[in-house]
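# A closer look at the structure
The chain contents come next:
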Amino acid sequence: MIALARLVLIVFALAATYVDATQSRGDITATYTITGFYAAVAAIGAVFVFRRVPTKYELFLAHALDIALVSALIYLTEGPTSPFFVFFTFILLAGTLRWNWRGALGTAVILVVLFLVLLAIFGDQVLADRDELNRAIIRTGYLLVIGAMLGYVGAYRERSTRRLAQLVAWPGPQPMAFHEHASPNLGPPPIAPALAHAASLLCTPRVLVIWEIAEEPSRHVALWTAEDGLLYSREHAGRFGTLVAAHHTESTFSVGDADANQQPDLMTEIGSGRSSDPGRGGIPVAALSPLIDADLRRTYSIGRTLTAPFHLPLCKGRLFLLDQDKVSDDDLRLTELIALRLGVDLEHHLMRAQIGTTAALAERVRLARDLHDGVLQSLTAASIHLKLCSQQAGSGALAEQLTLIRETLTGEQRRVRNFVEDHRHSSLPSMAGLVPDAAAAEAKLADALEDRLRWLEREWGCSVEFWTSPEGLSVPRDLARHIRHLVAEAVSNAVRHGRASSITVSVTREPEVLRLCIADNGHGFADLEGSYGDEALATLSIGPRSLWARTKDLGGTVALRTSASGSELDIELPT
């Protein structure tokens, strides 16, 4: 582009020199020679550039030739008032395009110095003519101003290029944990690197994302800070209202410290409903009060912020970039792009979880077939043989033992059959649903555990009291199955290791979690005394390891209180 522009400009200059040769103060032949040589250099440069990309040294050489030849032409044609002065503008533009603000400012300094030298050489002539003096002063100021403005343009261009490169280098998705494949709602999505990248891109210390998943009765909140990293929580769907003023839920805008409450004249916006505030140089504004939900503003101490929405098939939400010092229109547009990119990341997270759920269900269906065709048939045969043996043994201790073993096998047979029936006809989930129908179907927890609890009492010779709050509590069948296994493992541990004779099991529904409490009157865990949280159990590798591992797979936490008078397990499971 520069080479072609140089060629066109010098061709017109050559024509002008030929038409009006009176502009030359010296030898007209020298002017023609330099102009012709410059035209030849421009033509060769244009051909050369189209054949291959020039090196940085060749670019410096071309720039130096431009400055030297144009300065010579100005010297030969009336000095500071020469019509060839327009080539200085071309040289400044070329320097800006090649080296951004460094090229603009460096070239401006060189050209101003050369122009001042020309003024010194032609000082008497310039001072003698007031018009030429005025023209020389204006041209000096022009070089300074255009150099500064092009320097700003170069800096802006360099910053935009750097930001675009950062946006292209958006971090890829993190590997998913096991429980995230089972359900996308059990823990924070893997977006911490993306939020950190967004904070770096727009130089903001805090990034807040709030989103909702289709057909889910809760709202997800992720706050990233440089000090604490990612902080994730779930709120009920109605909290924080519409996040921003209702008629701007589709808009991207920035808010200053004062106008988060009552000063809408400080809000810049891109989108609909724009007006112009003449007091701010025509920056688009909108009149809203309040702009951000009061509860949201108090909870996260929101003052200055840029915010943009995102809407995708599986989720929708809004991004807030908090506490940024300065905001430009480019920052608003970049915030829109970042919000959309985060929405895509969340969408991909949900879809990866969907794929994991589908694979897990397919494996369960295969396992159910294998159990039906193999283990279940073997258990049935073993039960029949034990029945015959019990009849042959008549009455007595041996017969009672055989009957107990047969009842144990029959109970296991029933549980295997229930598992097979639960999964035999399960259909794989569609892309519109994130949880399989078989797993999502509700079941009363008391009914699901009743047989298991009675069997545990007979098996371990203890009493097990069970209650739920609210009474008649229903949970997804898949979760009920996991709770059944957790209770069985806890009762077994309490009797075998703690010599417990009485165990109390309670399940309470709380906001966003189910709390499972299992208390016993045994002797507690050997060599343990006191309370241990989830992190302590993991770090010290103590307590009921199998129970802890199953709970972590479900995205839950375990707390243990143990003493010589008994133990209590407090398990929280997300719902």
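## What about helix H8 (residues 192-202)?
Among the residues making up H8, those that are buried are Ala 194, Leu 195, His 197, Ala 198, Ala 199, Leu 201 and Leu 202. Positive backbone phi, at 55°, marks Cys 203, one or two positions downstream of H8.

## A closer look at the nonpolar core
Grouped together as the largest cluster of nonpolar side chains are 39 residues, with contacts concentrated most on Leu 445, Ile 483, Val 487, Ile 503, Val 505, Leu 516 and Ile 518. Secondary structure elements with two or more residues in this core: helix H13 (445-460), strand S11 (463-469), helix H14 (477-498), strand S13 (502-510), strand S14 (513-520), helix H16 (545-553), strand S16 (557-563) and strand S17 (566-574). Ignoring anything within four residues of it in the chain, the contact list for Leu 445 reads Phe 466, Thr 468, Leu 473, Ser 474, Val 475, Ala 480, Ile 483 and Val 507. Listed in part, the 34 residues of the second largest apolar core include Ile 10, Leu 69, Ile 74 and Val 126.

## Concerning the pairing of strand S9 (residues 315-322)
Judged by how many residues are buried, S9 sits mostly within the fold: 7 of 8 residues are covered. Taken together, the 8 bridges between strand S1 (residues 206-213) and S9 define a ladder with antiparallel strand orientation. By the bridge assignment, Leu 208 is partnered in S9 with Phe 320. Relative to S9, strand S8 (residues 305-311) runs antiparallel, the two sharing 7 bridges. In the strand pairing of S9, Pro 309 is matched with Arg 318. Between the end of S8 and the start of S9, which pair antiparallel, lie 3 residues.

## Notes on unusual backbone geometry
Following Ser 469, the chain continues into Pro 470 via a peptide bond in cis, with omega recorded as 5°. Its location among the elements puts Pro 470 in the loop between S11 and strand S12 (474-476). Notably, Asn 100 is not glycine yet its phi reads approximately 55°, a positive angle. Overall, Asn 100 belongs to the buried group, its relative accessible area being 14%. With a phi close to 65°, Asp 527 is a non-glycine residue in the positive phi region. Position of Asp 527 relative to the elements: it lies in the loop between S14 and strand S15 (530-532). Judged by relative accessible area, which is 83%, Asp 527 ranks as exposed.

Reading the values: the criteria
- Residues numbered from 1 in each chain as written.
- Predicted model: local features only at pLDDT ≥ 70, side-chain atom pairs only at ≥ 80, totals over all residues.
- Heavy atoms only, no water.
- Buried < 20%, exposed > 50% of the residue type's maximum accessible area, 1.4 Å probe, protein only.
- Helix = DSSP H or I, 4+ residues; strand = E, 2+ residues; numbered from the N terminus.
- Core = buried A, V, L, I, M, F, W, Y, C linked by side-chain atoms within 4.5 Å.
- Contact = heavy atoms within 4.5 Å.
- Pairing = 2+ DSSP bridges.

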